[in-house]
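Here's the letter readout for the chains.
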Amino acid sequence: MGRVIRCDPKKPVWVHLDKLNPINGAPRFAFPEGIDLQSRVPGELHYWQMTTTGHWAGYVSYRISQEGDGGLRMSHLVIETALEPREDAPARRGDPVWEAASLRR
């Protein structure tokens, strides 16, 4: 499984969906009932895994909002640049897992 750093307990993070789903150019049109892939959403980091290029990817769980229902629950690997520690979780600062992934901001 390569180099893995587990998070026990899971760590609170922000997932920047706009970095995972970049839109080139202007939006086509507004559709408020659609899924929002351009927002920042709270998530939980389960573990870090090193990629073949030396970058870190975090396995995270989060929810994508959708008008009128509970949204879509997602869990998958996310590149480190689309994640950041949650400000509302002060225990995050100085966490050795985050520091090992060189993502302290």
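See above for the structure.
Parameters and conventions
- Residues numbered from 1 in each chain as written.
- Predicted model: local features only at pLDDT ≥ 70, side-chain atom pairs only at ≥ 80, totals over all residues.
- Heavy atoms only, no water.
- Salt bridge = Lys/Arg side-chain N within 4 Å of Asp/Glu carboxyl O.
- Helix = DSSP H or I, 4+ residues; strand = E, 2+ residues; numbered from the N terminus.
- Buried < 20%, exposed > 50% of the residue type's maximum accessible area, 1.4 Å probe, protein only.
- Pairing = 2+ DSSP bridges.
- Axes fitted to C-alpha atoms, helices over the stretch in contact; angles between N-to-C directions.

Q: Give a description of the pattern of salt bridges that names residues and reports values.
A: For the structure on display, the rule yields 2 salt bridges. Between arginine 40 and glutamate 84 there is a salt bridge; the shortest N-O distance is 3.8 Å. Placement of arginine 40 in strand β2 (residues 40-50) and of glutamate 84 in strand β5 (residues 83-85) is noted, with a sequence separation of 44 residues between them. On the accessibility criterion, arginine 40 (42% relative accessible area) is partly exposed. Accessibility expressed as a relative area gives 17% for glutamate 84, which makes it buried. Of the charged contacts, one joins arginine 86 and aspartate 88 as a salt bridge, the two residues approaching to 2.9 Å between their closest N and O atoms. The class of aspartate 88 is exposed, set by a relative accessible area of 51%.

Q: Now, about the sheet that holds β2: what can you tell me, with residues and values included?
A: Across a sheet, paired strands are connected by hydrogen bonds in the backbone, their directions being either parallel or antiparallel. Within the open sheet, the 5 strands sit side by side as β4-β3-β2-β1-β5. Their pairing is antiparallel. What marks the edges here is a single partner per strand, and that holds for β4 (72-79) and β5. With strand direction ignored, the average angle separating the axes of adjacent strands in the sheet is 40°. Looking at chain direction, strand β1 (residues 4-16) and β5 are connected through 3 bridges and run antiparallel. Bridge pairing links valine 13 to proline 85 in β5.

Q: I'd like a rundown of the pairing of β2, residues and numbers included.
A: Here 9 bridges tie β1 to β2, and the two strands are oriented antiparallel to one another. Bridging from a neighbouring strand, isoleucine 5 pairs with tryptophan 48 of β2. Pairing between β2 and strand β3 (residues 56-64): 7 bridges, direction antiparallel. Looking across to β3, one finds that tyrosine 47 is bridged to tyrosine 59. The hairpin formed by β2 and β3 contains 5 residues between the paired strands, and glycine 54 there has a positive phi angle of roughly 85°.

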